[in-house]
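Notes for the structure review
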Amino acid sequence: MDSLTPERRSWLMSRVRQRDTGPEREVRRLIRSLGLRYRLNVTSLPGKPDIVFHGKRKAILVHGCFWHRHRGCRYATRPKSRLDYWDRKFERNTARDRRVLAELRKAGWQTLVIWTCQLQSSTRVMQRIVKFLADDNNWRGRTTSNS
Ligand SMILES: [Zn+2]
């Protein structure tokens, strides 16, 4: 049945582990592949955004669909038990997200939220990042959609 040698199997397993990195790391990798420079988790900013482009006053936040309740997303499932507990937890998380985004905006920062389900298409995520960074604050007076 299993034709893999132990060496081959452990090599494959190590590859799997390497690829199994967090979504923030994946977004950072995409940004690096675009040749862009950024800062990580700037603690002086509301919500410590995952990735910060200081000169542009732009911040990227990577949100897990489950914990941050990506609306309409199939990964934002609702647990079947302890509903009160989960609803309170989700409400706290989303209220915090709203507050953080509002505080950043008030401080003159533009934000882009990347949901982890969107990382399934790295091309589209890269296009969104490029568009987000290219859009100028004072240019057409447009805000970047977070949805
Ligand atoms: Zn999602």
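Just above, that's the structure.
Residues numbered from 1 in each chain as written. Predicted model: local features only at pLDDT ≥ 70, side-chain atom pairs only at ≥ 80, totals over all residues. Heavy atoms only, no water.

The next subject is the pattern of salt bridges. What the rule picks out here adds up to five salt bridges. With a closest N to O distance of 3.0 Å, Glu-26 and Arg-29 form a salt bridge. A residue pair is termed a helical-turn pair when its members lie 3 or 4 positions apart in one helix, as Glu-26 and Arg-29 do in helix H2 (residues 23-33) at three residues. On the accessibility criterion, Arg-29 (42% relative accessible area) is partly exposed. In this structure, Arg-78 and Asp-87 form a salt bridge, with 2.9 Å as the shortest nitrogen-oxygen distance. For Arg-78, a relative accessible area of 48% translates into the label partly exposed. Residue classification places Asp-87 among the partly exposed positions, given a relative accessible area of 31%. (Salt bridge = Lys/Arg side-chain N within 4 Å of Asp/Glu carboxyl O. Helix = DSSP H or I, 4+ residues; strand = E, 2+ residues; numbered from the N terminus. Buried < 20%, exposed > 50% of the residue type's maximum accessible area, 1.4 Å probe, protein only.)

Among the nonpolar cores identified, the biggest contains 15 residues, and Leu-45, Val-52, Leu-104 and Trp-109 are the most heavily contacted of them. For this core, the secondary-structure elements that each account for two or more residues are strand S3 (58-63), helix H3 (83-106) and strand S4 (110-115). Tallying contributions element by element places H3 first for this core, with three residues. In contact with Leu-104, not counting residues within four places along its chain, are Leu-45, Pro-46, Pro-49, Leu-61, Trp-109 and Thr-111. Ranked by size, the runner-up nonpolar core spans 14 residues in total, among them Ile-51, Val-62, Ile-114 and Leu-133. (Core = buried A, V, L, I, M, F, W, Y, C linked by side-chain atoms within 4.5 Å. Contact = heavy atoms within 4.5 Å.)

Moving on, we get to unusual backbone geometry. Phi is positive for Lys-48, which is not a glycine, with a value near 40°. Relative to the assigned elements, Lys-48 resides in the loop between strand S1 (39-40) and strand S2 (51-53). With phi around 55°, Arg-57 is a residue other than glycine that occupies positive phi space. With respect to the helices and strands, the residue Arg-57 is situated in the loop between S2 and S3.

This paragraph deals with the packing of aromatic side chains. Per the stated rule, a full pass over the model turns up seven aromatic pairs. Judged by centre distance (5.8 Å) and plane angle (70°), the ring pair of Phe-66 and Trp-86 falls under edge-to-face. Of this pair, Phe-66 sits in the loop between S3 and H3 while Trp-86 is found in helix H3, placing the two residues 20 residues apart along the sequence. Judged by its relative accessible area of 17%, Trp-86 falls in the buried class. Here a set of aromatic residues connected by ring pairs shows up, and it is made of Phe-66, Trp-67, Tyr-85, Trp-86 and Phe-90. Against the face of Phe-66 rests Arg-69, its NZ or CZ located 5.5 Å from the ring centre. (Phe/Tyr/Trp six-rings, centres within 6.5 Å; stacked < 30°, edge-to-face > 60°. Lys NZ or Arg CZ within 6 Å of the ring centre and 35° of its normal.)

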